[in-house]
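# What the coordinates show
Now for the letters of each chain:
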Amino acid sequence: MERIPILKLGRLLLVTIQVDMHDRLALALQDDLTERIVRDSARGVLIDISSLEIVDSFIGRVLGNIAAMSRVLDAETVVVGMQPAVAITLVELGLSLPGVRTALNVERGMHLLSRSLEADEIAGPDDAADQG
Amino acid sequence: MANGESVIAAVVAEHEQRLMEEWLREQLSATTLRRDLMGDAELRQQSADFLGRFREALQAGGAADANASAWADARAVLATVSRSRALKGFSPGETAMFVLSLKQPLFTLLRERGDDPERLVDEIWRASVILDRLALHTTELYQKSREDVIARQQQELLELSTPVVKVWEGVVAVPLIGTLDSARTQVVMENLLERIVQVGASVAIIDITGVPTVDTLVAQHLIKTVAAARLMGAECIISGIRPQIAQTIVHLGVVLENVTTKASLADAIALALKQTGFAITRAGAARG
Amino acid sequence: MQPTRDDSRPLRNEEDVVFSRQAVRSWAVELGFSLVDQTKIVTAASELARNTVVYGGGGTMHMQMLEDGPRRGLRLVFEDQGPGIPDIDQALRDGFTSGGGLGLGLGGARRLVNEFAIESQPGQGTRITVVKWK
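Keep in mind it's a predicted model, so treat the numbers as computed, not measured.

Quick notes on the rules
- Think of each chain on its own: its residues are numbered from 1, step by step along the sequence as written.
- Both sets of labels track the order of writing: A upward for chains, 1 upward for ligands.
- Reporting of local features is limited, given that this is a predicted model, to residues whose pLDDT is at least 70; pairs of side-chain atoms are given and counted only at 80 or more, and all residues count toward the totals for whole chains, interfaces and linings.
- Excluding hydrogens and water, the side-chain figures rest on all heavy atoms present in the structure.
- Here a helix means four or more residues in a row that DSSP labels H or I, a strand means two or more in a row labelled E, and each is numbered from the N terminus.
- Only protein chains enter the accessibility calculation, which uses a 1.4 Å probe; a residue is then buried when its area is under 20% of its type maximum, exposed when over 50%, and partly exposed in between.
- Only four residue types enter the charge count, namely Lys and Arg as positive and Asp and Glu as negative; His and the chain termini do not.
- We put the charge of a Lys on NZ, of an Arg on CZ, of an Asp on CG and of a Glu on CD.
- To qualify as a nonpolar core, a set must consist of buried Ala, Val, Leu, Ile, Met, Phe, Trp, Tyr and Cys residues joined through side-chain atoms within 4.5 Å.
- What makes two residues a contact is simply this: any of their non-hydrogen atoms within 4.5 Å.
- Every axis in this analysis is a line fitted to C-alpha atoms, fitted for helices over the stretch in contact. Angles between the N-to-C directions lie between 0 and 180 degrees.
- Orientation labels follow simple angle bins: below 35 degrees gives roughly parallel, above 145 gives roughly antiparallel, 65 to 115 gives roughly perpendicular, and whatever is left gives oblique.
- Amino acids are sorted into nonpolar (Ala, Val, Leu, Ile, Met, Phe, Trp, Tyr, Cys and Pro), charged (Asp, Glu, Lys and Arg) and polar (every other residue, Gly among them).
- Any helix carries an expected span of 1.5 Å times its number of residues minus one.

## Comments concerning the overall build of chain B
A tally of helices and strands in chain B yields eleven helices and five strands. Along the longest, intermediate and shortest principal axes, the C-alpha atoms of chain B span 110 × 45 × 30 Å. The burial tally for chain B puts 42% of its 288 residues in the buried class. Across chain B, the centroid of the 30 positively charged side chains sits 8 Å from that of the 35 negatively charged ones.

As structure tokens, then:
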């Protein structure tokens, strides 16, 4: 089974989802990301879904899981590029993707991540409890 | 004994050229001709196309039923004719005359065969039935084309009447004006979300100063739009809520939690700029 | 109202769920649905197809193009011989991540389509019919 490639960009992991994923592929991505966060000591994960034309409840759950798991591993996740039709459908479905931060595009997503990473660095190790 | 239908087929095939000329003459002398809308060359082309398909369909033996597959090509030509006339502004009657004016020349040819009166009546009747059905078909196609045009214009009106404007870097605003119905609100909201992507906006202001009343359905659409924008990574501010609308919203039990509201568009813009990291200072003030 | 074209697809595994999404998408495009409506019906199909595979133990999706006078639509029927749904009302009310419920998300899928019908008895399988009009 092919796997979705994960790119490393400094302390960030970048994922671009371009295929119509079947459930196993999505779960594999979930596993691969958590593993890479630990392996690469990543502090941020950026998931680009601008090519995803369908986000159903399963994918929504996977995105939510990725956000939650990364947070446990002290990394922030941002999902970017959700298409308007997808957003409208998710709202109708009743899925709000709690705990998932979103941004319009990769540029803004990186900006968002670097802001929260900076705040963390400024806080220093003793103040790790305070999140910016 | 040749039956009425194959007689018509034979007559049309044998005298196609003459039928064509006489039919054209009928059309060109008719009071329903619209030279202002269509040139003679085009008329000749349409007539030739139709007559050819008409003959073929008759020869294929499908005379009785204008809906039979033998008539598919003829109906296709009529579809093109109806659509083009509908777009050009012909009336439905003027469009139907295209087919109906073929009757007189065809009857003349049938009469000239010298068949006995009873046979002649039968042949003319059959010819009339076929042409009437085709003329009716033309009218139906015409209607459909007009409806398509109206639907498209309505859509365009819908989109033009509520433009989404870029207020500043990363901030868009859509001033809603007039009564909102469910369909219109949906279109506006879809446009807003598209524009948010195009402009790269992180804040969208929905101003309803110009909206006299809001019902539950519209309020729900607004809330869904705010939720969808948030999922995409943009925040919405709803501004210009009149006292009456505020009352309606409360009475209807609509819950606006997590939705930022501002009384005026000005306040909303100020907030949006602040949220996007801009500060406005007065020019010329002493800057140390 | 009459169907003008129909087709059936097996729903045995998650690859079939993906195929069913693609099939519904191509018919929706052919029918001229707006992008938002396409997304809604394909997403609904994805939810219902997955339920059929995961909860129903596998089944079939039937697709039909409909014509009702001037309007055209798409009807999808999801059928399985699985355990059935014991409390349909509850299933329609449940969200996706509710603890006690089945989490089938039927209520959500219902909001994405124009017509929604469900027949299900414990031990007798499930049959869900949805229609979306252009």
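Structure's up, so let's keep going.
## Overview of the nonpolar core
Among the nonpolar cores identified, the biggest contains 104 residues, and Leu176 and Ile196 of chain B together with Leu76 and Leu106 of chain C are the most heavily contacted of them. Setting aside chain neighbours within four positions, we find Leu76 of chain C in contact with Val24, Ile41, Ala45, Met61, His62, Met63, Ile128, Thr129 and Val130 of chain C. Core analysis: the second largest hydrophobic core is formed by 35 residues, Val11, Phe107, Leu110 and Ile130 of chain B among them.

## Focus: the packing of helix H1 (residues 23–39) of chain A against helix H2 (residues 57–72) of chain A
Residues and elements named next belong to chain A. Across the interface, H1 lies against H2 with an axial gap of 10 Å and an inter-helix angle of 10°. In this view, H1 runs roughly parallel relative to H2, as classed from their interaxial angle. Counted together, Asp23, Ala26, Leu27, Gln30, Leu33, Thr34 and Ile37 of H1 and Phe58, Ile59, Val62, Asn65, Ile66, Met69 and Ser70 of H2 form the full contact between these two elements. For the contact of H1 with H2, the class distribution of residues is nine nonpolar, four polar and one charged.

## Some thoughts on helix H3 (residues 40–59) of chain B
Residue and element names in this part refer to chain B. The terminal C-alpha atoms of H3, which comprises 20 residues, lie 28 Å apart, in line with the 28 Å expected from a rise of 1.5 Å per residue. Along H3, the residues classified as buried are Leu43, Gln46, Ser47, Phe50, Leu51, Gly52, Phe54, Arg55, Ala57 and Leu58. Looking one or two places after H3, you find Gly61, whose phi comes out positive at around 85°.

Purely spatial values, then, with no claim about function.
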